[in-house]
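What follows is each chain in one-letter form.
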Amino acid sequence: MKRMKKALERVAETGFFLCAAAAVLALALIVVFLVAKGVPAASKIGLWPFISGTVWQPSAEKFGIAPMIAASLLSTLGAAVAGGLIGLACALLLAEVAPRALAGMMRPLIHLLAGIPSVVYGFFGLMAVVPLITQWFGGTGNSLLAVIVILSAMILPTMVSLAETALRAVPAAYREGSLALGATKMQTMLRVTLPAAKSGVLNAFVLSTGRAIGETMAVILVAGNRAALPSSILDPVRPLTANIALELSYASGLHEEALYLTGVVLLLFIVGINIASHLALRGGKGGR
Amino acid sequence: MRKKSMLRMLALAAAAALLMTGCACGGETRAPEGAPEGAGALSGEIMVTGSTSAEPLVAALADLFMEEHAGVSIAVQGNGSSAGIRAAADGSAQLGMSSRELNEEEKARTTAHTLCMDGIAVIVNKENAVTNLTKEQISAIFKGEIVNWKELGGADEEILLISREAGSGTRDAFEESCGLTEKNEAGNTVSLTDESRALIADSTNAVSTTVSGKPGAIGYVSLGSYDGNLVTAVDVDGVACTQENILSGAYALARPFLLVAGSASEEISEAFLQFALSEEGQAVVREHKYIAVK
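Residues numbered from 1 in each chain as written. Chains lettered and ligands numbered in written order. Predicted model: local features only at pLDDT ≥ 70, side-chain atom pairs only at ≥ 80, totals over all residues. Heavy atoms only, no water.

Side note on the overall build of chain A
Okay, so step 1: Across its full length, chain A holds 12 helices and two strands.
Okay, so step 2: Seen in sequence order, chain A has helices and strands lined up from the N terminus as α-α-β-β-α-α-α-α-α-α-α-α-α-α.
Okay, so step 3: Across its three principal axes, chain A shows a C-alpha extent of roughly 70 × 70 × 35 Å.
Okay, so step 4: The 288 residues of chain A split such that 44% are buried.
Okay, so step 5: If you sum the accessible surface of chain A, you get close to 14900 Å²; carbon and sulfur atoms cover 72% of it.
Okay, so step 6: Taken as two groups, the 21 positive and 11 negative side-chain charges of chain A have centres that lie 11 Å from each other. (Helix = DSSP H or I, 4+ residues; strand = E, 2+ residues; numbered from the N terminus. Buried < 20%, exposed > 50% of the residue type's maximum accessible area, 1.4 Å probe, protein only. Areas by Shrake-Rupley, 256 points an atom, 1.4 Å probe, with all protein chains shown as cover. Lys, Arg positive; Asp, Glu negative; His and termini not counted. Charge placed at Lys NZ, Arg CZ, Asp CG, Glu CD.)

Digging into the packing of aromatic side chains
Okay, so step 1: Enumeration according to the criterion identifies nine aromatic pairs over all chains in this entry.
Okay, so step 2: Between F33 of chain A and Y260 of chain A, the ring centres sit 5.5 Å apart and the planes meet at 90°, which makes this aromatic pair edge-to-face. On the criterion of sequence distance, the pair formed by F33 of chain A in helix α1 (residues 2-45) and Y260 of chain A in helix α12 (residues 253-287) is long-range, its members being 227 residues apart.
Okay, so step 3: Residue Y260 of chain A is classed as buried on the basis of its relative accessible area of 14%.
Okay, so step 4: Within the aromatic cluster, the residues linked to one another by ring pairs are F65, F272 and F275 of chain B. (Phe/Tyr/Trp six-rings, centres within 6.5 Å; stacked < 30°, edge-to-face > 60°.)

Structural notes on unusual backbone geometry
Okay, so step 1: Positioned with a positive phi, N225 of chain A is a non-glycine residue whose angle comes to about 55°.
Okay, so step 2: Of note, N225 of chain A is situated in the loop between α10 (217-223) and α11 (240-247).
Okay, so step 3: Take N225 of chain A: its relative accessible area is 0%, and that puts it in the buried class.
Okay, so step 4: Its identity is not glycine, yet D237 of chain B carries a phi of approximately 55°, on the positive side.
Okay, so step 5: Relative to the assigned elements, D237 of chain B resides in the loop between β12 (235-236) and α8 (243-248).

A look at the interface of chain B and chain A
Okay, so step 1: Of the residues lining the interface, 23 residues belong to chain B; the matching set on chain A comes to 25 residues.
Okay, so step 2: Where chain B abuts chain A, roughly 1900 Å² becomes buried across the two surfaces, and 59% of that area is made up of carbon and sulfur atoms.
Okay, so step 3: Counting every contact that joins chain B to chain A gives zero salt bridges.
Okay, so step 4: Seen at the junction of chain B and chain A, the total is nine residue pairs in polar contact (both at pLDDT 80 or more).
Okay, so step 5: Every element with two or more residues in the side of chain B that touches chain A is listed here: α1 (2-34), β6 (160-164), β8 (189-191) and β9 (198-201) of chain B.
Okay, so step 6: Classifying every residue of the side of chain B that touches chain A gives seven nonpolar, nine polar and seven charged. (Contact = heavy atoms within 4.5 Å. Buried area = accessible area lost by both parts, 1.4 Å probe. Salt bridge = Lys/Arg side-chain N within 4 Å of Asp/Glu carboxyl O. Polar contact = N/O pair within 3.5 Å; in protein donor to acceptor, adjacent residues only side chain to side chain. Nonpolar A, V, L, I, M, F, W, Y, C, P; charged D, E, K, R; others polar.)

Digging into the pattern of salt bridges
Residue and element names in this part refer to chain B.
Okay, so step 1: One pass over the full model with this rule turns up 13 salt bridges over all chains.
Okay, so step 2: One salt bridge in this structure joins E106 and R100, with 3.1 Å as the shortest N-O distance.
Okay, so step 3: Under the relative-accessibility criterion, E106 is labelled buried at 14%.
Okay, so step 4: With relative accessibility at 26%, the residue R100 sits in the partly exposed group.
Okay, so step 5: For the salt bridge of K107 with E104, the shortest nitrogen-to-oxygen distance reads 3.9 Å.

Describing the side chain of S139 of chain B
Okay, so step 1: Locating S139 of chain B in the fold gives a position in helix α5 (residues 135-143).
Okay, so step 2: In this structure the side chain of S139 of chain B is engaged in a polar contact, spanning 3.3 Å, whose partner is the backbone oxygen of C178 of chain B.

Remarks on the environment of T209 of chain B
Okay, so step 1: In this fold, T209 of chain B is placed in helix α7 (residues 204-213).
Okay, so step 2: The sequence separation of T209 of chain B and R86 of chain B amounts to 123 residues, and the corresponding C-alpha distance is 40 Å.
Okay, so step 3: Apart from residues no more than four positions distant in its own chain, T209 of chain B is found in contact with L126 and M127 of chain A together with L230 of chain B.

Things to note about the pairing of strand β1 (residues 44-50) of chain B
Within a regular beta strand, the side chains point alternately toward one face of the sheet and then the other, so they alternate between its two faces.
Residue and element names in this part refer to chain B.
Okay, so step 1: Of the pairings in the sheet, the one linking β1 to strand β2 (residues 72-78) comprises seven bridges and is parallel in character. Directly across from G50, in β2, lies its bridge partner G78.
Okay, so step 2: Summarising the sheet, β1 and strand β3 (residues 95-98) pair through three bridges and their orientation is parallel. Paired with G50 across the bridge in β3 is M97. (Pairing = 2+ DSSP bridges.)

Concerning the side chain of S178 of chain A
Okay, so step 1: Position of S178 of chain A relative to the elements: it lies in helix α7 (residues 172-180).
Okay, so step 2: Aside from chain neighbours lying at most four places away, what touches S178 of chain A is A183, T188 and V192 of chain A.

What to know about the nonpolar core
All names here are of chain B.
Okay, so step 1: Counting residues in each nonpolar core, the largest one holds 44 residues, and the members touching the most others are I138, I141, F142, F174, I218 and L253.
Okay, so step 2: Elements supplying a minimum of two residues to this core: β4 (111-124), α5, β6, α6 (169-177), β9, α7 and β10 (217-222).
Okay, so step 3: Examining the composition of this core, we find that six residues originate from one element, β4, more than from any other.
Okay, so step 4: Among residues more than four places away in sequence, those in contact with L253 are D118, G119, I120, V122, K135, I138, F174, S177, C178 and V236. (Core = buried A, V, L, I, M, F, W, Y, C linked by side-chain atoms within 4.5 Å.)

Considering the domain arrangement of chain B
Residue and element names in this part refer to chain B.
Okay, so step 1: Looking at the assigned domains, one finds that chain B contains domain 1 (46-117 + 257-292) and domain 2 (119-255).
Okay, so step 2: One C-alpha centre belongs to domain 1, the other to domain 2, and the line joining them spans 28 Å.
Okay, so step 3: Facing eight residues of domain 1, the contacting portion of domain 2 comprises 10 residues.
Okay, so step 4: Of the roughly 860 Å² buried where domain 1 meets domain 2, counting both sides, 59% is carbon and sulfur surface.
Okay, so step 5: It is M117, K289 and I291 in domain 1 that bury the most area against domain 2; as a group they hold 63% of the surface buried on that side.
Okay, so step 6: Our count for the contact surface shared by domain 1 and domain 2 stands at zero salt bridges.
Okay, so step 7: Counting every contact that joins domain 1 to domain 2 gives zero residue pairs in polar contact (both at pLDDT 80 or more).
Okay, so step 8: When contributions to the side of domain 1 that touches domain 2 are tallied by element, the ones reaching two or more residues are β4 and β14 (291-292). (Domains from an automatic or database assignment.)

Some details on a nonpolar patch on the surface
All names here are of chain A.
Okay, so step 1: Together, L27, V31, V35 and V39 make up a nonpolar patch on the protein surface, roughly 300 Å² of accessible area in all.
Okay, so step 2: Locating V39 in the fold gives a position in helix α1.
Okay, so step 3: On the basis of relative accessible area, V39 is assigned to the partly exposed category, the value being 44%. (Patch = residues over 30% accessible without salt bridge, like charges linked within 9 Å, V, L, I, M, F, W, Y side chains within 5 Å.)

Pasting the structure below:
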C-alpha cells in the first residue's frame, strides 16, 4: 500500500517534470529557430543598418525597421499610459472603494474583455474607432492613435486583475492604522495602500506592456501599416508584429530572413520587458 | 477512496485514447476506397515551375490530379514566369507557368495553353464621382503624381492610396499591368507605388472595407473578390471591369495564367494539361476566384 503510494508519487513527479521541461524546450526551440533563421540576414544587411534604417522596400532589398521599432514603442507606451492608468483607477475602485455587490458585478465584466478575440477588437476598431478619429481629428483614421485606443482596451483586463490582486494583498492593518490616525479614506488609499502595493502594481504595468507589444491581429486592422516614421499621432504606423504577419506568407530569400530578424528584435523587447517585471517584483520586496 | 477515483480516471483516459486511435484507424482504412478504380495507369513524376502568382492554383490542381492518379507525383515550384517558360523550353521542367503573354521568341520554342484569366478591379468609394480612369492616370495616382481627385474631375478630396503588402500576387499583377515597376541597378524589379502616402491592407477584404469607409480612397482587388455593394469599380480606358471584357482582351488590367509545354512534354504533363482545362479543373479555377476560360 505504502509502496504503491510512493510509486504513484514518483510517477506524478516525473509527469510534472516532463510537462515543465516541454515548456522550456518549446521556448528554447523557438529562440534557436528564430535566431538561426534571422542571423544570416543580420550578416547580409548589417545589424545597425537594419535597426536604424528608415526605408523598408523588400523589392529593392532595402530593409530598415526603425519605423517599425518606433511604431511598436510609441503604441505600447501610449497604451501602457492610457490603459494602465484607467486600469489602475479601475482596480482601486474594485479593491478599495466599490461596495462588494458592485465590485462583484463589474469584475466578471472586465474579465470578459480578456476573452474577446483580438480580431474582433481589430474589426471594432476598423469600423468604429477609425471613422471617429477621421471625423474628430481628420487624417486617414488608421493611425497610431487608433492603435493606442485599441491596445488600451485590450490590456485593461490584465492591468485590472493584477493591480487589484496586488492591492488586496496589502494587510488590513495598514488601512486600519491609517484610518485610526485620522486620515480620510482617499488619503489612506492613495498614500498608504497604493504605495504598499507598489511592486505588484508596477508588475501589472510591465506585464500589460508585454501584452501590448505582442498584439498583432487587432493592430494590423487599425494601424494603416505604412512603413514610415510617424510625424504625428494621426499618421499610419506599422508595428514590428504587423510587419512580420503582413509579409511572411509571401516572403522568400533575404526578405524572409529579414522578417525573422524582425522577430528576433521583437523577442529582445519582450525579454527586456520580462526582466523589468522581475526587477519590479524584486525591488518591491527588497524595499519593504 | 482517492486511489479508486484515480484508477477510474486512468481507465477513462485509457478508454479515450483507445477510442481516438480507433477513430484514426477507421479513417485510414476508408481513405483508399475513395480513390477511383482503375487509377494508376499513369505513373511517374513531373516538374511544373514558373509564376509565383499561378503557383497556388496550379498546386491545387496538382493535388487533385494526384489524388486521382495514385502513381503520379507533380512538383510545383514558383520561381517567376520567365524562369518557368525557360525551364519548359529547355526541358528542365515538363510544364512552365506564366502569368504574362509569351514574347515571339518564347512562342517559337513552346506551346502555351491559357488556364484562366486574372482581372484586377480598381475600386473607389461609392461617393466618388470619378468613374473612369486611364491606365496612365492610375499609374500617376499610385506614383503620387496626382494627389487630389479634383485633378481628375472629382471632388476636392485628397487621394488616399490603399495598397497591399510587398509580395502580394495581386499587388504584383496590378503594378505590372499599370507600369508601376522598374528594374533597379541590381536587376531587381522595384515597386514605384508611393508608399509614404499609402495605407497597407493585409487582404482583399481589408482593401474593400477601407475603401468603403474613406471618401478619398482608391485601391485594387482581384475581380473575383470585388463586391459592388461595398465599393465602385472604375472603368479603365472606358472599359468596364467585367468577365466578358477580360476574356475578350478589352480590359487593360488583366493577365492570363498560361501553362507552357516545351521539349520535355510527355504523357503525364499532357494528361495534367487536359485535366486543368477540363470542367473539373476549371471548377478549381473558379474556386480560386479566377476567370475560367471554358
